[in-house]
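# Report on the structure
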Amino acid sequence: MRGDLLILLADGIVILCLARLFLQAAGLSENHALLAFSKRSTDWLVNPLHKILPVKKYDPACLLSGLLLYYIAFTFITLVAQPTAFSAKIIIANFILAVLNTIKSAAYVLLIGLFIRMVLSIKDPYSQLSVALERIYRPILFPVQFLKYGRYDFSGSILALLLWIWLSSLSPQITRQINLWLLQ
């Protein structure tokens, strides 16, 4: 139970780190409330990594901090549950789970962004955040761009469906397979 809470806390922090990564890459102003909040919330984790990884258009420290946070969380849970059974197999499994959960968090960020993009397209289509979200989603939605009909764009629905399939069935199946591999 406590492990679930630790993973939930890590999920929230990594989602903020990845939102920071996407919004900075999209060129959103540093003064925008959403980016400022995500930066203030994750500076304690990301800034120490800036000494190793310099900030460019894409901030690799945000991604690396998410991976490290998940890896530390999974390792801590493993050490609390079985302090004497630590092996190379568990180290590899924790790394794979950290990568898998980072991808899962990125899917959540993209899904939340699609919802915000949909609301802003009705409420304020020319806002600074709308423009930044368009920069994020344009390359992702390019293959299904033919689903535009007049001013209505249904391409985001395909991405939302794919993200939901990943989050609801594929990611849990991979996690179960890793857990079964650990039990062997």
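Notes on the structure in this doc start here. (Residues numbered from 1 in each chain as written. Predicted model: local features only at pLDDT ≥ 70, side-chain atom pairs only at ≥ 80, totals over all residues. Heavy atoms only, no water.)

## Some words on the environment of Leu180
Using the following cut-off: Put simply, DSSP marks the helices as runs of H or I at least four residues long and the strands as runs of E at least two long, and each gets a number from the N terminus on. For the exposure calls, accessible area comes from a 1.4 Å probe over protein chains only, and a residue counts as buried if that area is under 20% of its type's maximum, exposed if over 50%, partly exposed in between.
One can find Leu180 in helix H6 (residues 155-183). When its relative accessible area of 45% is taken as the criterion, Leu180 is described as partly exposed. It is 36 Å that separates the C-alpha atoms of Leu180 and Ser38, two residues lying 142 residues apart in sequence.

## Quick notes on the side chain of Ser130
Put simply, the rule reads: Pairs of N or O atoms within 3.5 Å make up the polar contacts considered here, provided that, within protein, one atom can donate a hydrogen while the other can accept it, and that residues adjacent in sequence are counted only when both atoms are side-chain atoms.
Along the chain, the position of Ser130 falls in helix H5 (residues 128-141). In this structure the side chain of Ser130 is engaged in a polar contact, spanning 3.0 Å, whose partner is the backbone oxygen of Asp124.

## Remarks on the pattern of salt bridges
For the record, the criterion: Salt bridge, as used here: a side-chain nitrogen of Lys or Arg that lies within 4 Å of a carboxyl oxygen of Asp or Glu.
Scanning the entire structure with this criterion turns up three salt bridges. Between Glu30 and Lys39 there is a salt bridge, with the nearest N and O atoms lying 2.6 Å from each other. Note that Arg117 is salt-bridged to Glu134, the shortest N-O span being 3.4 Å. Placement of Arg117 in helix H4 (residues 88-123) and of Glu134 in helix H5 is noted, with a sequence separation of 17 residues between them. The exposure class assigned to Arg117 is buried, which follows from its relative accessible area of 17%. Note on Glu134: relative accessible area 27%, which makes it partly exposed.

## Concerning the packing of aromatic side chains
The way to describe two aromatic rings as a pair is by their centre distance and the angle between their planes. The line we're drawing: Any two of the Phe, Tyr and Trp rings considered here, Trp counted by its six-membered ring, make a pair once their centres fall within 6.5 Å; the pair's planes then place it as stacked at under 30 degrees, edge-to-face at over 60, or tilted in between. For a lysine, the NZ atom is tested; for an arginine, the CZ atom; a charge sits over a ring if that atom is within 6 Å of the ring centre and within 35 degrees of the ring normal.
Summed over the entire model, instances satisfying the criterion amount to one aromatic pair. Where Tyr70 meets Phe74, the ring centres are 6.3 Å apart and the plane angle is 25 degrees; that geometry is what we call stacked. Taken together, the residues Tyr70 and Phe74, both in helix H3 (residues 60-81) and four residues apart, mark about one turn of the helix. A single burial state applies to Tyr70 and to Phe74, both of which are buried. Over the aromatic face of Trp181 sits the side chain of Lys89, whose NZ or CZ is 5.2 Å from the ring centroid.

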